Amino acid sequence: MRQYETSHLIKAEDLNHHGTLFAARAAAWFVEAAFVAAGCACNTSAGIVCRNLHNLSFQKPVQKGAILRLQARVAAVGQSSFMVVVRGTDALTEELYVEGAVTFVTIDSETGSRRPHQIVLDEAEDEQETEQRMRANQLKEQAMGKPMHMKK
């Protein structure tokens, strides 16, 4: 699948009390990057809602002045849901800062009920995309399972 990219210059207003990128700001950009990929994959932004944020994981702090590159692509699909993986790296060094995934559901705007999205995954372009798809499918299976305290 096509990968979509957005970038953000980390400025003073994006920082937390430690002087690094505020997690809530990063999360907002993360979900926005995923939504861009979702909307482009569906050929519309209408009727797409965020269902779940999976494993948003920070690998290292992002400093003021860094350029955060967020790369997002659809990695797993169901009938009305699909998962977008996102990687946030330093635009200059490609060092990994943050990664995770977002599940979206397509709904009928009038009824609010789920509707099919028509996304079909093509062949993975490289090893990284193959790995992202495997991880996305694992997350999808975990999300469909029962919570740990309910398993017998």
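See above for the structure.
Caption draft 1: Representation of helix H1 (residues 23-42) in the model. Counted at 1.5 Å a residue, the expected span for H1 with its 20 residues is 28 Å, and the 28 Å between its end C-alpha atoms agrees. Buried within H1 are the following residues: Ala26, Ala27, Trp29, Phe30, Ala33, Ala34, Ala37, Ala38, Gly39 and Cys42. Buried residues along H1 sit against strand E1 (4-9), strand E2 (48-58), strand E3 (67-77), strand E4 (81-90) and strand E5 (96-106). The first or second residue beyond H1 is Asn43, which carries a positive phi of 65 degrees.

Caption draft 2: Representation of the side chain of Arg133 within the structure. You can see Arg133 is positioned in helix H2 (residues 127-144). Accessibility expressed as a relative area gives 12% for Arg133, which makes it buried. A polar side-chain atom of Arg133 sits 2.7 Å from the main-chain carbonyl oxygen of Asp122. When neighbours within four sequence positions are excluded, Arg133 is seen to be in contact with Met1, Ala75, Leu121, Asp122, Glu123 and Ala124.

Caption draft 3: Expanded view of the sheet that holds E4. One open sheet accounts for five strands, arranged E1-E3-E4-E5-E2; its pairing is antiparallel. The open sheet has two free edges, formed respectively by E1 and E2, since each of these has just one partner strand. Within this sheet the neighbouring strands show an average axis-to-axis angle of 25 degrees, counted without direction. Inspection of the sheet shows E1 paired to E3 by six bridges, in the antiparallel sense. Within E3, the residue paired with Tyr4 across the bridge is Ala72. H1 rests against E1, E2, E3, E4 and E5 of the sheet, and its axis sits at about 50 degrees to E5.

What counts, and where the lines are drawn
- Residues numbered from 1 in each chain as written.
- Predicted model: local features only at pLDDT ≥ 70, side-chain atom pairs only at ≥ 80, totals over all residues.
- Heavy atoms only, no water.
- Helix = DSSP H or I, 4+ residues; strand = E, 2+ residues; numbered from the N terminus.
- Expected span 1.5 Å × (residues − 1).
- Buried < 20%, exposed > 50% of the residue type's maximum accessible area, 1.4 Å probe, protein only.
- Contact = heavy atoms within 4.5 Å.
- Polar contact = N/O pair within 3.5 Å; in protein donor to acceptor, adjacent residues only side chain to side chain.
- Pairing = 2+ DSSP bridges.
- Axes fitted to C-alpha atoms, helices over the stretch in contact; angles between N-to-C directions.

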